[in-house]
Amino acid sequence: MSRDLLSENALKAWGFLIVLALIWGSSFILIKKGLLVFSPGEVGAFRIVAAGLFLLPLSLPRLKNLNKKQVQNLLIVGFVGSFIPAFLFAKAQTQLSSALTGVFNAMTPLFVVVIGALFFNSRITRRNGFGLFIAFIGVVILLSVKEGVGFGSLTEINSYAFYVLLACACYGLNLNIIKFRFVELKPVAITAISLTMVLPLALIYLFSFTQFSFKLTHVEGAGLAAAYIAVLGIVGTALALILFNVMVKVATPVFASSVTYLIPIVAIIWGLLDGEQLLAGHYMGIAAVIFGVWVGNRR
């Protein structure tokens, strides 16, 4: 391969990395804006609806080629990789800042390692374990920081952070399922089809069991809030996953995974611009989480 082509691929890879960090790092502020009008359930369901409808043209032609086992696995991927986390993140941000939610989300790669070891016969190395320990200390620090008093006791932690950690566990399970059970399907097809499979449930829930339609037509600011959630679903979920898969083709998986460390930075910047306050203890915890994730995943 010529040096010019290598340089061109490197530029593309860095371009994709920056764009993806901006998109995924902005997801948390978009959830926050959606929650100004809509409930966590409405935000989560509409996010799935927007992403699923956008990817429908990609998934429908591929449905007829699936076998029964693939359908079962894709349904699981749809739930643990998209549907459940969409609701968990929205619920968490009713009591958690968008900046801190973005930081907790950085734990996803470590959950991939842990769940892989527990259920998929992967191995946790000494480096993985050390990284997990450092990141765990960071999470404890973030959970115990109290405004005005420095650090509170562990009985005073913000329990809503556990919704984010549960979502990260869902992502960890999802990525292991994709790695070990979908050798023959491309990642874009997996994303599109799995979202299509949970789309009917999201539609039924959104329009039959919530006040989404009423709010959209009667509540001031609902149109703008819905637009934020639509961007979250279409750009932050559907297009971003396609871009990520393209980036993996022009770069190494290790380089692609480095987006994990940039997402919290973007989330923090958005949070500060929106008036959120981070204390000294928060920055200590953030540094520990990002450093722990880096140690646990570096090659």
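Above this text sits the structure in question.
Note that the structure is predicted; figures quoted are calculated from it, not measured. (Residues numbered from 1 in each chain as written. Predicted model: local features only at pLDDT ≥ 70, side-chain atom pairs only at ≥ 80, totals over all residues. Heavy atoms only, no water.)

**Digging into the pattern of salt bridges**
In plain terms, the rule: Salt bridge, as used here: a side-chain nitrogen of Lys or Arg that lies within 4 Å of a carboxyl oxygen of Asp or Glu. Counting from the N terminus, the helices are DSSP H or I runs at least four residues long and the strands are E runs at least two residues long. The rule is simple: take the accessible area with a 1.4 Å probe, protein chains only, and divide by the maximum for that residue type; under 20% is buried, over 50% is exposed, in between is partly exposed.
All told, the structure shown has 4 salt bridges when counted by the stated rule. Across the pair Lys32 and Asp274 runs a salt bridge whose closest N-O atoms are separated by 2.7 Å. With Lys32 in helix α2 (residues 27-34) and Asp274 in the loop between α13 (259-273) and α14 (280-297), the pair connects residues that are 242 residues apart, well separated along the chain. Judged by relative accessible area, which is 24%, Lys32 ranks as partly exposed. Overall, Asp274 belongs to the partly exposed group, its relative accessible area being 30%. Lys32 is the partner of Glu276 in a salt bridge, and the nearest nitrogen-oxygen pair spans 2.8 Å. Residue Glu276 is found in the loop between α13 and α14, and its partner Lys32 is found in helix α2; the two are separated by 244 residues along the sequence. For Glu276, a relative accessible area of 12% corresponds to the buried category.

**Points about the packing of helix α3 (residues 40-63) against helix α4 (residues 68-92)**
We apply this condition: Between N-to-C directions, angles span 0 to 180 degrees; the directions come from axes that are lines fitted to C-alpha atoms, helices contributing only their stretch in contact. By convention, the crossing between two helices is left-handed when the near helix turns anticlockwise from the far helix through less than a right angle, and right-handed when the turn is clockwise. Contacts are assigned to residue pairs with any non-hydrogen atoms lying within 4.5 Å of each other. Amino acids outside the nonpolar list (Ala, Val, Leu, Ile, Met, Phe, Trp, Tyr, Cys, Pro) and the charged list (Asp, Glu, Lys, Arg) are all regarded as polar, and Gly is one of them.
Look at α3 against α4: their axes get within 8 Å of each other, and the N-to-C directions meet at 145°. The hand of the α3/α4 crossing is right-handed. In this structure, α3 uses Pro40, Gly41, Val43, Gly44, Ala45, Arg47 and Ile48 to contact α4, whose residues at the interface are Ser82, Phe83, Ala86, Phe87, Ala90 and Lys91. When the residues that make up the contact of α3 with α4 are grouped by side-chain class, the tally is 8 nonpolar, 3 polar and 2 charged.

**Details of the environment of Val77**
Relative to the assigned elements, Val77 resides in helix α4. For Val77, a relative accessible area of 3% puts it in the buried group. If we ignore the near neighbours within four places in the chain, the residues touching Val77 are Ser82, Asn174, Ile177, Ile178, Phe182, Ile190 and Ser194.

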